[in-house]
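Listed here are the chains, written in short residue letters.
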Amino acid sequence: MKSLLSEAWLVASKDLRIEARSRVLTNQVAPFAVLVLVLFGFALDADQRTLRMFAPGLFWVAVLLCLLLAVQRSSAVESADDAATGLRMAGLAPAAVFLGKSAAIFVQLLVLELLLTAGIIVFYGSSVKNLFLWLIAGLVTALAVATTGTLYGALASGLGVRETLLPILLLPVLAPVLIGATRAYDDALGAAAVDGWAWTGLLAMFAVVASTLGALAYGALVED
Amino acid sequence: MTHLGYLLGGWGVAAVLLTVYAVSVVRRGRALSVSVPEDKRRWLTSQNPTDD
Amino acid sequence: MTNPTSSVATTGSPGSRALGLATLAGLVGLLVLAFVLTEPDVRIHPSTGQEIGQFDAVRLLYLHVPMAVITYVAYSLAAFASAGYLIKRTPWWDVTAHAAAEVGTVFCFLVLVTGSIWGRPVWNTWWEWGDVRLMTTLILFLMFVGYLALRRTAADPRVQARRAAVVALVAIVDLPLVNRSVEWWENRTLHQKSTLGELKIEDLTLFTLMVGFLVFLMVFAWLLLHRFRVGWLTLAAGEHQVAAAIKERRAEADGSGVASAVGETS
């Protein structure tokens, strides 16, 4: 178990170090996230009061779109210069690779969620009424989508059509997460009267299932 | 009959789509059969299970 | 490039032809039952005394409900076969999974469309976001559209088979979560408001539904059979081409090929 975690840490820190050096997250994905919020503002042509009502949903749609980019990137890093073979030859357990890559995406998503929260506060006039719920729901959802995304990133990789195949594979599966996270944030941001903690529970269950399934399936997928 | 348009629409779409799909499958089968030797087409000869 | 090794044949067989004929007969019988022998759904409103109900739109249910059941059968089979493939790793399981998923998706699409067409006169809307079964079926459909898209990518058959199996199984595992979250989300469902329970289920209505289940099961079986055979032939054709190509290369290498290449004359 210890070696699994330390191997995962190795992979996670590798991915994050690559990210820190290339700055794709800060230079491309983060501006894209803000852009999505702005586009929604234009498209809905609404006043702040209406946008505040929809802010949780728009927030999580923006996160999902950024997730697609983050997963594509995570997957591309492995295909460049046949890095995947190098990873396999290093003898790392597939489950560790899965956990490590998920962790790296998880961290990036947390940064994006922070940025997007600031975004909806500024652009839509939202406010965080329940800080603790906002935090927990945000963490759990990030975990749920990072693990699912990593699994589907592997499923769609190496086929030459990853960019277009990944969304249609990944997003329908994440429908419950979108519903749950939106409801949880409805509560946390005071946009609607719902039981955010119940939804967070559902999200946590999703995250656990996704992490477990992903770790199990990842090995079967990357073997040859 | 009331709602006749909806009835024809619903049953019609189903009939058309299922027929089109069936025809496309059968045609695909015909095209592929050309390039496969007869012994591989078990359903025309034996009832033996796969030996793969 | 393919060498015709035999006369043009089909994926048909004496068995499938018999099934096909029986299916057509059954469809005729179903149509007679659905359109001629059964009554429209007409009820009297308890207080206003007006005639209410689905009227003739109920005849769409004899199509929609059986196809919905078959969709679940098909996708269950696809999931089962996917699991079978991951365990046994033989092509039969993979071809079955693919065939069941493809035919199932055709049925699922029709379920959504016929349901929408039925919903317009009965619920006064083409679509209802609050309906649990509708949302779940839509997500299920989209998940398997993704599955089929993955299937069409050019990849090593074994790689593709493995990935597709995982996609199918994750989709099926996800389905209860989808259903639960949509249920909580809306907590109401039009499907419950006007279910079969509300219909005057007389014997003939029930009988027609049963006939519908049987007939569409036969339609499914016939399509599945042929689609399976197409999948099988695709595999065999691929192997055959590889074998033929190897044979050609060997023939090139033996005989005068190599000799003339190194400049020997004889």
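Preceding this paragraph is the structure being described.
Below, the structure is looked at part by part. Keep in mind it's a predicted model, so treat the numbers as computed, not measured.

Cut-off values and rules
- Residues numbered from 1 in each chain as written.
- Chains lettered and ligands numbered in written order.
- Predicted model: local features only at pLDDT ≥ 70, side-chain atom pairs only at ≥ 80, totals over all residues.
- Helix = DSSP H or I, 4+ residues; strand = E, 2+ residues; numbered from the N terminus.
- Rg over C-alpha atoms; globule rule 2.2 N^0.38 Å.
- Contact = placed C-beta atoms within 7 Å.
- Buried ≥ 20, exposed ≤ 12 C-beta atoms within 10 Å, placed from the backbone.
- Nonpolar A, V, L, I, M, F, W, Y, C, P; charged D, E, K, R; others polar.
- Expected span 1.5 Å × (residues − 1).
- Bend = angle between axes of the 7 residues up to and from the residue.
- Pairing = 2+ DSSP bridges.

### Points about the overall build of chain A
- A count of helical and extended segments in chain A gives nine helices and zero strands.
- When the elements of chain A are put in sequence order from the N terminus, they spell out α-α-α-α-α-α-α-α-α.
- By the compact-globule yardstick of 17 Å for 224 residues, chain A fits well, its C-alpha radius of gyration being 18 Å.
- For chain A, the spread of C-alpha atoms along the three principal axes comes to 55 × 35 × 30 Å.
- Counting contacts in chain A only where the partners sit at least 6 residues apart, residues at least 24 apart contribute 83% of the total.

### Details of the overall build of chain C
- The helix and strand tally for chain C stands at eight helices and two strands.
- Mapped in sequence order, the helices and strands of chain C form the string α-β-β-α-α-α-α-α-α-α.
- For chain C, the residues scored as buried account for 39% of the 266 residues in total.
- Counted over contacts in chain C with a minimum sequence separation of 6, partners at least 24 positions apart contribute 78%.

### Things to note about the interface of chain A and chain C
- Counting from both sides, the interface comprises 20 residues of chain A and, opposite them, 23 residues of chain C.
- With seven residues, the top contributor of residues to the side of chain A that touches chain C is helix α9 (residues 196–222) of chain A.
- Residues that form the side of chain A that touches chain C fall into these classes: 18 nonpolar, one polar and one charged.

### Comments concerning the interface of chain C and chain B
- With 38 residues of chain C at the contact, the number on the chain B side is 32 residues.
- Elements represented by at least two residues in the side of chain C that touches chain B include exactly α3 (91–123) and α7 (203–253) of chain C.
- Here the side of chain C that touches chain B takes eleven residues from α7(C), the largest share from any one element.
- Residues of the side of chain C that touches chain B, tallied by class, amount to 22 nonpolar, eleven polar and five charged.

### Regarding helix α7 (residues 162–173) of chain A
- With twelve residues, α7(A) should reach 16 Å at 1.5 Å per residue; the first-to-last C-alpha distance of 17 Å fits that figure.
- What α7(A) keeps buried is the set A:R162, A:L165, A:L166, A:L169, A:L170, A:L171, A:P172 and A:V173.
- In this structure, the buried residues of α7(A) make contact with α3 (48–79), α6 (131–155) and α8 (175–188) of chain A together with α4 (132–151) and α5 (157–186) of chain C.

### Digging into α5(C)
- Relative to the 44 Å expected for 30 residues at 1.5 Å per residue, α5(C) spans 42 Å between its end C-alpha atoms, a close match to the ideal helical length.
- Along its length, α5(C) reaches its greatest deviation from straightness, about 30 degrees, at C:D174, and the proline C:P176 lies no more than four positions downstream.

### Re the pairing of strand β2 (residues 51–55) of chain C
Residue and element names in this part refer to chain C.
- Strand direction decides the pairing type here: strand β1 (residues 41–44) and β2, joined by three bridges, are antiparallel. By the bridge assignment, R43 is partnered in β2 with I52.
- Between the antiparallel neighbours β1 and β2 lie six residues, among them G49 with a positive phi of about 75 degrees.

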